[in-house]
Amino acid sequence: MLDLHRLRLLREVQERGTIHAAAASLGYSTSAVSQQLGVLEREVRARLLEKAGRNVRLTPAGLALVARADILLSEAEAAEAEVAEVAAGRLAGVVRVAAFQSAVLRIVAPAVHALATTHPDIVVEVTEAEVEQATPALRLQHLDVVVGDEYDDQPRPIYDDLRRATLLREHINLVLPEGHPAAARAHVRLTDLSEMRWAACQPGTGHHNMHLRVCRQLGGFEPRVRHTSDDFLILLELTRTTGSGALLPDLVHAHTAPGVVVRELAEGTLQRHVYVLTRKSSTPTVKAVAQALHAAAQAESGPSSAATSWKNRARSADR
(Lines give C-alpha, C1' and ligand atoms only; values in the text may rest on other atoms or scores of the structure.)
Protein backbone atom coordinates (compact mmCIF):
# COMPACT_ATOMS: atom_id res chain seq x y z
CA MET A 1 0.00 0.00 0.00
CA LEU A 2 1.29 3.46 -0.90
CA ASP A 3 2.42 5.66 1.97
CA LEU A 4 0.76 9.10 1.78
CA HIS A 5 3.66 10.75 3.54
CA ARG A 6 6.08 9.60 0.84
CA LEU A 7 3.67 10.70 -1.88
CA ARG A 8 3.67 14.16 -0.33
CA LEU A 9 7.47 14.21 -0.44
CA LEU A 10 7.46 13.29 -4.11
CA ARG A 11 4.97 16.04 -4.89
CA GLU A 12 7.13 18.55 -3.01
CA VAL A 13 10.14 17.61 -5.12
CA GLN A 14 8.05 18.12 -8.26
CA GLU A 15 6.99 21.60 -7.11
CA ARG A 16 10.31 22.75 -5.63
CA GLY A 17 12.66 21.37 -8.28
CA THR A 18 15.28 19.92 -5.90
CA ILE A 19 15.31 17.45 -3.04
CA HIS A 20 17.06 20.04 -0.89
CA ALA A 21 14.32 22.64 -1.48
CA ALA A 22 11.60 20.07 -0.81
CA ALA A 23 13.29 19.06 2.44
CA ALA A 24 13.65 22.69 3.54
CA SER A 25 9.97 23.41 2.86
CA LEU A 26 8.91 20.52 5.09
CA GLY A 27 11.53 20.92 7.80
CA TYR A 28 13.38 17.67 7.02
CA SER A 29 16.99 16.91 6.20
CA THR A 30 17.91 16.27 2.57
CA SER A 31 19.16 12.79 3.41
CA ALA A 32 15.88 11.89 5.14
CA VAL A 33 13.85 12.91 2.08
CA SER A 34 16.19 11.02 -0.27
CA GLN A 35 15.87 7.91 1.88
CA GLN A 36 12.07 8.05 1.91
CA LEU A 37 11.91 8.57 -1.85
CA GLY A 38 14.15 5.55 -2.28
CA VAL A 39 11.70 3.50 -0.24
CA LEU A 40 8.85 4.80 -2.43
CA GLU A 41 10.68 3.72 -5.58
CA ARG A 42 11.05 0.23 -4.15
CA GLU A 43 7.39 0.15 -3.23
CA VAL A 44 6.21 1.00 -6.74
CA ARG A 45 9.09 -0.89 -8.42
CA ALA A 46 9.89 2.01 -10.72
CA ARG A 47 12.39 4.82 -10.97
CA LEU A 48 10.66 8.06 -10.05
CA LEU A 49 13.47 10.65 -10.25
CA GLU A 50 16.36 11.37 -12.59
CA LYS A 51 19.10 14.00 -12.62
CA ALA A 52 18.64 17.16 -14.71
CA GLY A 53 21.85 19.15 -14.34
CA ARG A 54 22.12 20.16 -10.69
CA ASN A 55 18.43 19.54 -10.14
CA VAL A 56 16.20 16.51 -10.44
CA ARG A 57 13.07 15.87 -12.44
CA LEU A 58 10.38 13.26 -12.30
CA THR A 59 10.43 10.37 -14.73
CA PRO A 60 7.22 9.54 -16.65
CA ALA A 61 6.41 7.06 -13.85
CA GLY A 62 7.02 9.76 -11.25
CA LEU A 63 4.76 12.22 -13.06
CA ALA A 64 1.99 9.63 -13.29
CA LEU A 65 2.29 8.96 -9.57
CA VAL A 66 2.22 12.66 -8.66
CA ALA A 67 -0.95 13.15 -10.70
CA ARG A 68 -2.62 10.49 -8.59
CA ALA A 69 -1.01 11.80 -5.40
CA ASP A 70 -2.97 15.06 -5.58
CA ILE A 71 -6.23 13.10 -5.66
CA LEU A 72 -5.20 10.73 -2.86
CA LEU A 73 -3.95 13.50 -0.57
CA SER A 74 -7.10 15.58 -1.10
CA GLU A 75 -9.30 12.59 -0.31
CA ALA A 76 -7.27 11.81 2.81
CA GLU A 77 -7.63 15.41 3.97
CA ALA A 78 -11.40 15.30 3.42
CA ALA A 79 -11.67 11.98 5.28
CA GLU A 80 -9.79 13.34 8.30
CA ALA A 81 -12.02 16.42 8.41
CA GLU A 82 -15.19 14.34 8.13
CA VAL A 83 -14.12 12.06 10.98
CA ALA A 84 -13.39 15.08 13.18
CA GLU A 85 -16.80 16.57 12.39
CA VAL A 86 -18.65 13.33 13.08
CA ALA A 87 -16.80 12.83 16.36
CA ALA A 88 -17.60 16.36 17.50
CA GLY A 89 -21.16 16.31 16.20
CA ARG A 90 -20.55 19.60 14.42
CA LEU A 91 -17.93 21.35 12.30
CA ALA A 92 -14.50 20.74 13.80
CA GLY A 93 -10.83 20.55 12.98
CA VAL A 94 -7.76 22.70 12.43
CA VAL A 95 -7.81 25.30 9.62
CA ARG A 96 -4.54 27.01 8.68
CA VAL A 97 -4.96 30.58 7.42
CA ALA A 98 -2.34 32.88 5.92
CA ALA A 99 -2.84 36.56 5.14
CA PHE A 100 -0.88 39.77 4.68
CA GLN A 101 -0.55 42.04 7.68
CA SER A 102 -3.42 44.50 7.29
CA ALA A 103 -5.81 41.66 6.41
CA VAL A 104 -4.76 39.76 9.55
CA LEU A 105 -5.51 42.81 11.68
CA ARG A 106 -8.77 43.96 10.06
CA ILE A 107 -10.32 40.76 8.63
CA VAL A 108 -8.75 37.55 9.92
CA ALA A 109 -8.59 38.43 13.61
CA PRO A 110 -12.28 39.51 13.77
CA ALA A 111 -13.27 36.36 11.87
CA VAL A 112 -11.40 34.12 14.32
CA HIS A 113 -13.09 35.92 17.20
CA ALA A 114 -16.53 35.33 15.65
CA LEU A 115 -15.78 31.66 14.93
CA ALA A 116 -15.02 31.07 18.62
CA THR A 117 -18.73 31.61 19.22
CA THR A 118 -20.34 30.20 16.07
CA HIS A 119 -18.02 27.18 15.62
CA PRO A 120 -16.11 26.59 18.87
CA ASP A 121 -14.68 23.26 17.67
CA ILE A 122 -12.86 24.87 14.74
CA VAL A 123 -9.27 25.70 15.64
CA VAL A 124 -7.84 28.44 13.40
CA GLU A 125 -4.08 28.79 13.07
CA VAL A 126 -3.05 32.16 11.61
CA THR A 127 0.21 32.99 9.85
CA GLU A 128 1.25 36.34 8.40
CA ALA A 129 2.51 35.77 4.86
CA GLU A 130 2.47 37.53 1.52
CA VAL A 131 0.40 35.92 -1.22
CA GLU A 132 3.52 35.17 -3.29
CA GLN A 133 4.68 32.69 -0.63
CA ALA A 134 1.29 31.58 0.68
CA THR A 135 -0.32 30.47 -2.58
CA PRO A 136 2.18 27.67 -3.33
CA ALA A 137 1.79 26.46 0.26
CA LEU A 138 -2.00 26.38 -0.20
CA ARG A 139 -1.68 24.30 -3.35
CA LEU A 140 0.62 21.88 -1.51
CA GLN A 141 -1.86 21.57 1.41
CA HIS A 142 0.42 23.26 3.93
CA LEU A 143 -2.29 25.91 4.28
CA ASP A 144 -6.08 25.76 3.96
CA VAL A 145 -7.04 29.39 3.36
CA VAL A 146 -5.08 32.32 1.93
CA VAL A 147 -6.14 35.96 1.95
CA GLY A 148 -4.39 37.69 -0.94
CA ASP A 149 -4.35 41.03 -2.68
CA GLU A 150 -4.16 42.28 -6.24
CA TYR A 151 -3.64 45.85 -7.47
CA ASP A 152 -5.21 47.45 -10.53
CA ASP A 153 -3.48 46.35 -13.76
CA GLN A 154 -1.38 43.76 -11.87
CA PRO A 155 -3.37 40.50 -12.07
CA ARG A 156 -2.29 37.49 -10.03
CA PRO A 157 -2.07 34.02 -11.64
CA ILE A 158 -5.27 31.93 -11.76
CA TYR A 159 -4.99 28.25 -10.77
CA ASP A 160 -7.42 25.54 -11.82
CA ASP A 161 -7.23 23.77 -8.45
CA LEU A 162 -8.03 26.88 -6.38
CA ARG A 163 -11.26 28.76 -5.76
CA ARG A 164 -11.03 32.55 -5.52
CA ALA A 165 -13.68 34.89 -4.11
CA THR A 166 -13.64 38.64 -3.53
CA LEU A 167 -13.61 39.87 0.07
CA LEU A 168 -13.53 43.61 -0.62
CA ARG A 169 -12.22 46.31 -2.92
CA GLU A 170 -10.44 49.27 -1.36
CA HIS A 171 -8.86 52.50 -2.49
CA ILE A 172 -5.16 53.31 -2.53
CA ASN A 173 -4.55 56.73 -1.03
CA LEU A 174 -1.63 59.07 -0.53
CA VAL A 175 -0.24 59.31 3.00
CA LEU A 176 1.79 62.44 3.74
CA PRO A 177 3.52 63.96 6.76
CA GLU A 178 1.15 66.32 8.52
CA GLY A 179 3.28 69.39 7.80
CA HIS A 180 3.81 68.74 4.09
CA PRO A 181 2.63 71.67 1.90
CA ALA A 182 0.36 69.37 -0.17
CA ALA A 183 -1.40 68.12 2.99
CA ALA A 184 -3.64 71.20 2.94
CA ARG A 185 -5.47 69.83 -0.13
CA ALA A 186 -7.87 66.85 -0.12
CA HIS A 187 -6.81 65.87 -3.67
CA VAL A 188 -3.09 65.96 -4.39
CA ARG A 189 -1.44 65.89 -7.80
CA LEU A 190 1.15 63.15 -7.91
CA THR A 191 3.09 65.20 -10.46
CA ASP A 192 3.77 67.74 -7.69
CA LEU A 193 5.61 65.12 -5.63
CA SER A 194 8.43 64.16 -7.98
CA GLU A 195 11.10 65.29 -5.48
CA MET A 196 9.59 63.45 -2.54
CA ARG A 197 11.18 60.55 -0.71
CA TRP A 198 8.96 57.45 -0.51
CA ALA A 199 8.35 54.45 1.75
CA ALA A 200 7.10 51.25 0.09
CA CYS A 201 7.09 47.48 0.45
CA GLN A 202 10.04 45.32 -0.49
CA PRO A 203 11.03 44.92 -4.17
CA GLY A 204 9.28 42.00 -5.83
CA THR A 205 6.00 42.50 -3.95
CA GLY A 206 2.74 43.61 -5.53
CA HIS A 207 2.75 46.83 -3.50
CA HIS A 208 6.28 47.81 -4.59
CA ASN A 209 5.43 47.15 -8.23
CA MET A 210 2.23 49.18 -7.88
CA HIS A 211 4.14 52.08 -6.34
CA LEU A 212 6.66 52.19 -9.19
CA ARG A 213 3.96 51.88 -11.86
CA VAL A 214 1.74 54.61 -10.42
CA CYS A 215 4.56 57.12 -10.00
CA ARG A 216 5.82 56.44 -13.52
CA GLN A 217 2.45 56.39 -15.29
CA LEU A 218 0.52 59.03 -13.36
CA GLY A 219 3.29 61.19 -11.97
CA GLY A 220 5.77 60.94 -14.82
CA PHE A 221 8.77 60.38 -12.53
CA GLU A 222 10.90 57.61 -11.05
CA PRO A 223 10.15 57.48 -7.31
CA ARG A 224 13.01 57.81 -4.85
CA VAL A 225 12.13 54.87 -2.57
CA ARG A 226 14.30 55.40 0.49
CA HIS A 227 12.59 53.08 2.96
CA THR A 228 11.20 49.56 2.46
CA SER A 229 9.19 47.25 4.68
CA ASP A 230 6.38 44.74 4.15
CA ASP A 231 4.87 46.00 7.42
CA PHE A 232 2.40 48.75 6.53
CA LEU A 233 2.41 50.08 10.10
CA ILE A 234 6.16 50.59 9.80
CA LEU A 235 5.55 52.49 6.55
CA LEU A 236 3.08 54.73 8.40
CA GLU A 237 5.66 55.42 11.10
CA LEU A 238 8.36 56.13 8.52
CA THR A 239 6.03 58.62 6.86
CA ARG A 240 5.46 60.36 10.17
CA THR A 241 9.09 60.46 11.31
CA THR A 242 11.13 60.84 8.12
CA GLY A 243 8.93 63.11 6.02
CA SER A 244 8.45 60.44 3.34
CA GLY A 245 5.27 59.76 1.40
CA ALA A 246 3.50 56.42 0.93
CA LEU A 247 0.69 54.93 -1.15
CA LEU A 248 -1.38 52.81 1.22
CA PRO A 249 -4.78 51.03 1.07
CA ASP A 250 -7.86 51.72 3.17
CA LEU A 251 -7.27 48.82 5.58
CA VAL A 252 -4.09 50.47 6.80
CA HIS A 253 -5.77 53.81 7.45
CA ALA A 254 -7.88 52.24 10.17
CA HIS A 255 -4.76 52.37 12.31
CA THR A 256 -4.72 56.08 13.15
CA ALA A 257 -1.17 57.39 13.13
CA PRO A 258 -0.51 60.84 14.61
CA GLY A 259 1.49 63.15 12.44
CA VAL A 260 0.24 61.94 9.05
CA VAL A 261 -2.69 62.79 6.78
CA VAL A 262 -4.50 60.69 4.16
CA ARG A 263 -5.27 62.32 0.82
CA GLU A 264 -6.75 61.16 -2.50
CA LEU A 265 -4.80 61.39 -5.77
CA ALA A 266 -6.05 64.04 -8.20
CA GLU A 267 -5.03 61.86 -11.16
CA GLY A 268 -7.72 59.24 -10.50
CA THR A 269 -8.80 56.30 -8.39
CA LEU A 270 -6.53 53.36 -7.60
CA GLN A 271 -7.84 50.15 -6.07
CA ARG A 272 -6.66 47.00 -4.36
CA HIS A 273 -8.68 43.82 -4.65
CA VAL A 274 -8.60 41.66 -1.49
CA TYR A 275 -9.67 38.05 -2.03
CA VAL A 276 -9.75 34.65 -0.35
CA LEU A 277 -8.25 31.49 -1.87
CA THR A 278 -9.21 27.94 -0.98
CA ARG A 279 -8.69 24.62 -2.69
CA LYS A 280 -11.63 23.42 -4.75
CA SER A 281 -11.60 20.26 -2.65
CA SER A 282 -12.10 22.27 0.57
CA THR A 283 -14.03 20.71 3.45
CA PRO A 284 -17.15 22.20 5.09
CA THR A 285 -14.96 23.32 8.00
CA VAL A 286 -12.70 25.31 5.69
CA LYS A 287 -15.75 26.77 3.94
CA ALA A 288 -17.09 27.94 7.33
CA VAL A 289 -13.85 29.82 7.95
CA ALA A 290 -14.06 31.40 4.50
CA GLN A 291 -17.63 32.53 5.24
CA ALA A 292 -16.46 34.13 8.49
CA LEU A 293 -13.79 36.01 6.54
CA HIS A 294 -16.45 37.30 4.14
CA ALA A 295 -18.58 38.54 7.06
CA ALA A 296 -15.61 40.30 8.68
CA ALA A 297 -14.64 41.93 5.38
CA GLN A 298 -18.18 43.15 4.81
CA ALA A 299 -18.21 44.72 8.27
CA GLU A 300 -14.81 46.35 7.65
CA SER A 301 -15.87 47.91 4.34
CA GLY A 302 -19.19 49.26 5.64
CA PRO A 303 -20.09 52.96 6.01
CA SER A 304 -19.06 53.01 9.68
CA SER A 305 -15.56 51.65 9.09
CA ALA A 306 -12.50 53.51 10.30
CA ALA A 307 -11.19 53.85 6.75
CA THR A 308 -14.34 55.71 5.74
CA SER A 309 -13.87 58.15 8.61
CA TRP A 310 -10.37 58.86 7.32
CA LYS A 311 -11.82 59.77 3.93
CA ASN A 312 -14.41 62.06 5.48
CA ARG A 313 -11.74 63.89 7.46
CA ALA A 314 -9.60 64.19 4.34
CA ARG A 315 -12.41 65.72 2.31
CA SER A 316 -13.03 68.27 5.04
CA ALA A 317 -9.59 69.72 4.23
CA ASP A 318 -11.09 71.39 1.16
CA ARG A 319 -13.90 73.06 3.09
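Just so it is clear, the structure is predicted and the values come from calculations on it, not from any experiment.

Student: Can you walk me through the nonpolar core in this structure?
Tutor: Considering soluble globular proteins, one finds that nonpolar side chains tend to be buried as a cluster. Leu 174, Leu 176, Leu 193, Trp 198, Leu 247 and Leu 248 are the most contacted members of the largest nonpolar core, which totals 31 residues. Residues contacting Leu 193, with those up to four places away along its chain left out, are Leu 174, Leu 176, His 180, Ala 182, Val 188, Trp 198 and Phe 221. Ala 103, Val 108, Ile 122 and Val 289 belong to the second largest nonpolar core, which has 26 residues in total.

Student: Help me understand empty space enclosed by the protein, please; the structure alone is not making it clear to me.
Tutor: A probe as big as a water molecule, rolled over the atoms, marks out the empty space that is left. Under the criterion given, the structure shown has two cavities of 30 Å³ or more. By volume, the largest cavity is sized at about 110 Å³. For the largest cavity, the lining is made up of 15 residues, of which Glu 130, Asp 149, Cys 201, His 207 and Phe 232 are closest to its centre. Elements represented by at least two residues in the lining of the largest cavity include exactly α5 (101-118), β5 (145-151) and α7 (206-219). Classifying every residue of the lining of the largest cavity by side-chain character gives four nonpolar, five polar and six charged. Size it by volume and the second largest cavity reaches roughly 40 Å³. If you trace the second largest cavity, you find it lined by Glu 77, Asp 144, Arg 279, Ser 281, Ser 282, Thr 283 and Val 286. Residue composition of the lining of the second largest cavity, by class: one nonpolar, three polar and three charged.

Student: Any chance you could explain the confidence of the model for the chain here in plain terms?
Tutor: Looking at the chain, pLDDT values average 86 and 90% of them are 70 or higher. Counted against residues more than four places away or in other chains, residues 304-310, with its pLDDT under 50, gives 13 contacts. In the predicted structure, residues 313-319 sits below a pLDDT of 50 and forms 13 contacts with residues beyond four places in sequence or in another chain.

Student: What is the right way to read unusual backbone geometry from this model?
Tutor: The bulk of non-glycine residues show a negative phi, and the bulk of peptide bonds are trans. The phi dihedral of Arg 45 is positive, around 60 degrees, even though this residue is not glycine. Following the sequence through the fold, Arg 45 ends up in the loop between α3 (30-44) and β1 (49-52). A positive phi is found at Asp 153, a non-glycine position, where the angle reads about 65 degrees. With respect to the helices and strands, Asp 153 occurs in the loop between β5 and β6 (162-177).

Conventions adopted
- Residues numbered from 1 in each chain as written.
- Predicted model: local features only at pLDDT ≥ 70, side-chain atom pairs only at ≥ 80, totals over all residues.
- Heavy atoms only, no water.
- Core = buried A, V, L, I, M, F, W, Y, C linked by side-chain atoms within 4.5 Å.
- Buried < 20%, exposed > 50% of the residue type's maximum accessible area, 1.4 Å probe, protein only.
- Contact = heavy atoms within 4.5 Å.
- 1 Å grid on protein atoms, 1.4 Å probe; cavity = no way out; pocket = protein on both sides within 12 Å on 5 of 7 lines; lining within 4 Å.
- Points joined across faces, edges and corners; volume = space filled by probe spheres on them.
- Helix = DSSP H or I, 4+ residues; strand = E, 2+ residues; numbered from the N terminus.
- Nonpolar A, V, L, I, M, F, W, Y, C, P; charged D, E, K, R; others polar.
- pLDDT = per-residue confidence, 0-100.

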